[in-house]
Amino acid sequence: SQGNPLFRVRLEAKSEISWQSGDIVEIQCANGAQRIDDFMLRHATETIAFTKNTLLYKNLVSLPPRAENESFEAWTERFERLDYREYSVASIPEQGFIEMVIRQSIEQGELGLGSGWMTEHSNLGEQILVRIRSNPTFHLVQENKAAIFIGNGSGIAGLLAHLHTRQQLAYTENWLIFGERQQQYDRLYPELIEDWEKSGFLTDLDLVYSRDGHQNKYVKDCLMQKAEQFKTWVDHGASIYVCGSLKTMGVDVDHTLNTILGEDKVIELLQQKRYLRDVY
């Protein structure tokens, strides 16, 4: 792929956990083994009886100044705890696992704190600390009316969870419009989406690839090309769900909806909670 790698990550809960499609999973970031080893090597004379687990969730990059005569243990106790990172949940509780789609963030040759931990440094079978955050601004409308799902990249996660829920509820009329870079390398969940299309669960499907040289390079281009169909669906009560990048796709889709439907209609959809977004 021309983009940073995407990973499909699945967690199994040790105890019963509940959420609904549209909610967010918050992952407690942790240090990889190499970062902990490097820290302990720098302080080898003081870490002889020190366990690596003590440093697992500590910020080992931005360290507080060490006071004169402060013990190593007292100093490390003042280390800040690493942050949580948020990801859209791609699964529903009935599936028995929490699934995420995580794109590696790489800056100055370093993996991002959350994506690095989840895709590179943590090991199979390792305990991952998580918490679920309710996200009512992106919850599914519980009505058997049409729904349009729009997204790109790792935003497929939030859309999949809604589609899984609608399939469970036997809600028909589902339209997925999704963008990535190249069809050869960036087809996400191809078997699942193909099965949904063949079964008729996906009434309409538009996959847009920006680097393949097609006329419709982006999701916004597809929306403009199918503007009349889009308006018809909305006029018949369809809700719109948008999940993915804010600065590119999210902003472009918002502008395009205003062009197709008019600003007043978009405001009305927002007030009716029929236009919902999970963009980041």
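Here, every reference points to the structure presented above.
Residues numbered from 1 in each chain as written. Predicted model: local features only at pLDDT ≥ 70, side-chain atom pairs only at ≥ 80, totals over all residues. Heavy atoms only, no water.

Colleague: How would you sum up the environment of Gly 114? Please name residues and give values.
Modeller: Counting through the fold element by element, Gly 114 comes out in helix α3 (residues 113-121). Separated by 88 residues in sequence, Gly 114 and Glu 26 place their C-alpha atoms 9.8 Å apart. (Helix = DSSP H or I, 4+ residues; strand = E, 2+ residues; numbered from the N terminus.)

Colleague: Kindly report on unusual backbone geometry, identifying the contributing residues and their values.
Modeller: Even without a glycine there, the phi angle at Gln 108 is positive, about 50°. Within the secondary structure layout, Gln 108 lies in the loop between β5 (106-107) and β6 (110-111). With a relative accessible area of 85%, Gln 108 lands in the exposed category. Positive phi, close to 50°, is recorded for Tyr 189, a residue that is not glycine. Its place among the elements puts Tyr 189 in the loop between β9 (174-180) and α5 (190-199). The exposure class of Tyr 189 is buried, given its relative accessible area of 11%. (Buried < 20%, exposed > 50% of the residue type's maximum accessible area, 1.4 Å probe, protein only.)

Colleague: Tell me about the pairing of strand β11 (residues 239-244), residues and numbers included.
Modeller: The buried count for β11 comes to six of six residues, which makes it a mostly enclosed element. Here β11 shows no split at all, with Ser 239, Tyr 241 and Cys 243 on one side and Ile 240, Val 242 and Gly 244 on the other all buried. Two strands pair when backbone bridges link them, and strand β8 (residues 147-152) and β11 are joined in this way by five bridges, in the parallel orientation. From the neighbouring strand, Ala 147 faces β11, where its bridge partner is Ser 239. As paired elements, β11 and strand β12 (residues 275-279) share five bridges and run parallel to each other. Looking across to β12, one finds that Gly 244 is bridged to Val 279. (Pairing = 2+ DSSP bridges.)

Colleague: Any details on the environment of Thr 203? Residues and values, ideally.
Modeller: Its place among the elements puts Thr 203 in strand β10 (residues 202-209). We classify Thr 203 as partly exposed; its relative accessible area is 43%. Setting aside residues up to four positions removed in sequence, Thr 203 forms contacts with Glu 173, Asn 174 and Trp 233. (Contact = heavy atoms within 4.5 Å.)

Colleague: A description of helix α7 (residues 227-235) should follow, citing residues and the corresponding values.
Modeller: The set of residues buried in α7 consists of Ala 227, Phe 230, Trp 233 and Val 234. Looking straight down α7, one finds that the buried residues subtend no more than 125° of arc, so they occupy a single side. Counted as exposed and oriented over 90 degrees from the buried face of α7: Glu 228 and Asp 235. Positive backbone phi, at 100°, marks Gly 237, one or two positions downstream of α7. (Arc of directions from axis to C-beta.)

Colleague: A description of the sheet that holds β11 should follow, citing residues and the corresponding values.
Modeller: Reading across from one edge, β10-β9-β8-β11-β12 is the order of the five strands in this open sheet, with parallel pairing throughout. Of all strands in the sheet, those bounded by a partner on one side alone are β10 and β12. The average angle at which neighbouring strand axes cross in this sheet is 10°, direction not considered. Strand contacts of helix α4 (residues 156-168): β8, β9, β10 and β11, with the helix running at about 155° to β8, the strand carrying the most contacts. Along the sheet, α5 contacts β9 and β10; its crossing angle with β10, the most-contacted strand, is approximately 140°. (Axes fitted to C-alpha atoms, helices over the stretch in contact; angles between N-to-C directions.)

Colleague: Got a sec to walk through the packing of aromatic side chains? Specific residues and values, please.
Modeller: Throughout the structure, instances matching the rule amount to 10 aromatic pairs. Through a chain of ring-to-ring contacts, three or more aromatic side chains come together here, namely Phe 39, Phe 72, Trp 75 and Phe 79. Sitting above the plane of the Phe 97 ring, Arg 10 keeps its charged end 3.6 Å from the centroid. Directly above the ring of Tyr 84 sits Arg 131, whose terminal nitrogen or CZ lies 3.6 Å from the centroid. (Phe/Tyr/Trp six-rings, centres within 6.5 Å; stacked < 30°, edge-to-face > 60°. Lys NZ or Arg CZ within 6 Å of the ring centre and 35° of its normal.)

Colleague: Describe the environment of Pro 64, and please don't skip the residues or the numbers.
Modeller: As for its placement among the helices and strands, Pro 64 is situated in the loop between α1 (33-42) and α2 (72-77). On the accessibility criterion, Pro 64 (18% relative accessible area) is buried. Taking the C-alpha atoms as reference points, Pro 64 and Glu 80, 16 residues apart in sequence, are found 8.5 Å from one another.

Colleague: So what about the sheet that holds strand β2 (residues 24-28)? Which residues, and what values?
Modeller: Across the sheet, three strands lie side by side as β3-β2-β7; this open sheet has antiparallel pairing. Each having just a single partner strand, β3 (84-88) and β7 (130-133) make up the two edges of the open sheet. For this sheet, the mean angle separating the axes of adjacent strands, direction not counted, is 30°. Contacts from α3 reach β2 and β3 within the one sheet, and its direction differs from that of β3 by about 70°.

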